[in-house]
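Given next are the chains, with one letter for each unit.
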Amino acid sequence: MTTPLDGSLLDAVRDLAVLAAGRVLDVYRSPFEVVRKADASPLTEADLDSHRTILEGLADLAPDIPVLSEESAEIDFATRSAWSRYWLVDPLDGTKDFVSGNGEFTVNIALIEEHAPVLGVVAVPVTGVAYAAARGFGARRHDAQGDRALGVRRTATHPIRVAASRSHRDRETNAFIHALGPCEDVSVGSSLKFCLLAEGAVDIYPRFGPTCEWDTAAAQVVVEQAGGRVTDVDLEPLRYNTKDSLLNPHFLAFGDRNVDWREFMPREPAPGH
């Protein structure tokens, strides 16, 4: 039986993400060790506890749908290229922020269909907030006070509010922000930058440094269902599981579709300059 994309599935995935966020928070509030993966990125017991919790939950919820998680990314393209539908999971997005103790980390679960994310949940362990969205169901913010619909800022007004990475700032991002003119720079970790955009708190999130597909998929659904877009630098939506590499291209996430954000893109200097 094929698991349907409906409101009950979205609610169940949100509950699972919140459960995994609780596992992350348990580790965060206790002494923990940090080890380094092969690429030198940090790994903690929180990453692994969340990973196990999500895999077990998804197996119970939708046993017909395979899972690709950051902590099981060794699945080769020959296998996953046959998947028309799969879960894409980041058990702990912002491990550097987790280790630094700034609270700006998330749990991300997305459902991908035909290379596009169609359901996404971003849970924030420290605040207890969960952002949930699915194609045809809109985007909502859930917390202890209840839930509310999300919507991007339809018109970017000066000063433009820009979300930027706290841990992965680069020269291209700084050049893009400079080209915008007077703006407010909001530095925050993990997929929270997308969530600020979906809430209408910022206008744009440019990213020119490396990211992986599990970093963006869940939050892309939240932004899109809130009325925004997440695109490559040619303004084409990000697509998933189309190649051997799981690295994303450079991308822009924005709310105002009437602005040609490409005009602010950093350009290579002319020869001899």
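Residues numbered from 1 in each chain as written. Predicted model: local features only at pLDDT ≥ 70, side-chain atom pairs only at ≥ 80, totals over all residues. Heavy atoms only, no water.

**Student:** Give a description of the pairing of strand 8 (residues 138-143) that names residues and reports values.
**Tutor:** Examined bridge by bridge, strand 7 (residues 129-134) and strand 8 share five bridges and lie antiparallel to one another. Bridged to Ala-133 within strand 8 is Ala-139. Once strand 7 ends, the chain turns through three residues before running back antiparallel as strand 8, passing Gly-136 with a positive phi of about 90 degrees. Here strand 8 runs beside strand 9 (residues 146-149); their pairing, made up of four bridges, is antiparallel. (Pairing = 2+ DSSP bridges. Helix = DSSP H or I, 4+ residues; strand = E, 2+ residues; numbered from the N terminus.)

**Student:** Could you give an account of the packing of aromatic side chains, naming the residues involved and the relevant values?
**Tutor:** Evaluation of the coordinates by the stated rule reveals twelve aromatic pairs. Taking the centre distance of 4.8 Å and the plane angle of 45 degrees together, the rings of Phe-32 and Phe-98 count as tilted. Highlighted residues: Phe-32 in the loop between helix 1 (7-28) and strand 1 (34-36) and Phe-98 in helix 4 (residues 95-100), separated in sequence by 66 residues. For Phe-32, a relative accessible area of 27% corresponds to the partly exposed category. Among the aromatic side chains, those forming a connected cluster through ring pairs are Phe-176, Phe-208, Phe-254, Trp-261 and Phe-264. (Phe/Tyr/Trp six-rings, centres within 6.5 Å; stacked < 30°, edge-to-face > 60°. Buried < 20%, exposed > 50% of the residue type's maximum accessible area, 1.4 Å probe, protein only.)

**Student:** Can you explain the sheet that holds strand 7? Please cite residues and give values.
**Tutor:** Strand order in the open sheet formed by seven strands is 3-4-5-6-7-8-9, with mixed pairing between adjacent strands. Lying at the two open borders of the sheet, with one neighbouring strand each, are strand 3 (67-69) and strand 9. The average undirected angle you get between the axes of adjacent strands in this sheet is 20 degrees. Along the sheet, helix 1 makes contact with strand 4 (85-93), strand 5 (106-113), strand 6 (116-124), strand 7 and strand 8, crossing strand 6 at roughly 40 degrees. Here helix 7 (residues 213-225) sits on the sheet in contact with strand 4, strand 5, strand 6, strand 7 and strand 8, set at roughly 100 degrees to strand 6. (Axes fitted to C-alpha atoms, helices over the stretch in contact; angles between N-to-C directions. Contact = heavy atoms within 4.5 Å.)

**Student:** Explain helix 5 (residues 171-179) to me, using residue names and the numbers behind them.
**Tutor:** Thr-173, Phe-176 and Ile-177 are the residues of helix 5 that are buried. Down the axis of helix 5, the sector holding all buried residues measures 95 degrees, keeping them to one side. For helix 5, the exposed residues lying more than 90 degrees away from the buried face are Arg-171 and His-178. On its buried face, helix 5 sits against strand 10 (160-165), strand 11 (183-188), strand 12 (204-207) and strand 14 (251-254). Its side-chain oxygen 3.3 Å from the backbone nitrogen of Glu-172, Asp-170 forms the N-cap of helix 5. (Arc of directions from axis to C-beta. Polar contact = N/O pair within 3.5 Å; in protein donor to acceptor, adjacent residues only side chain to side chain.)

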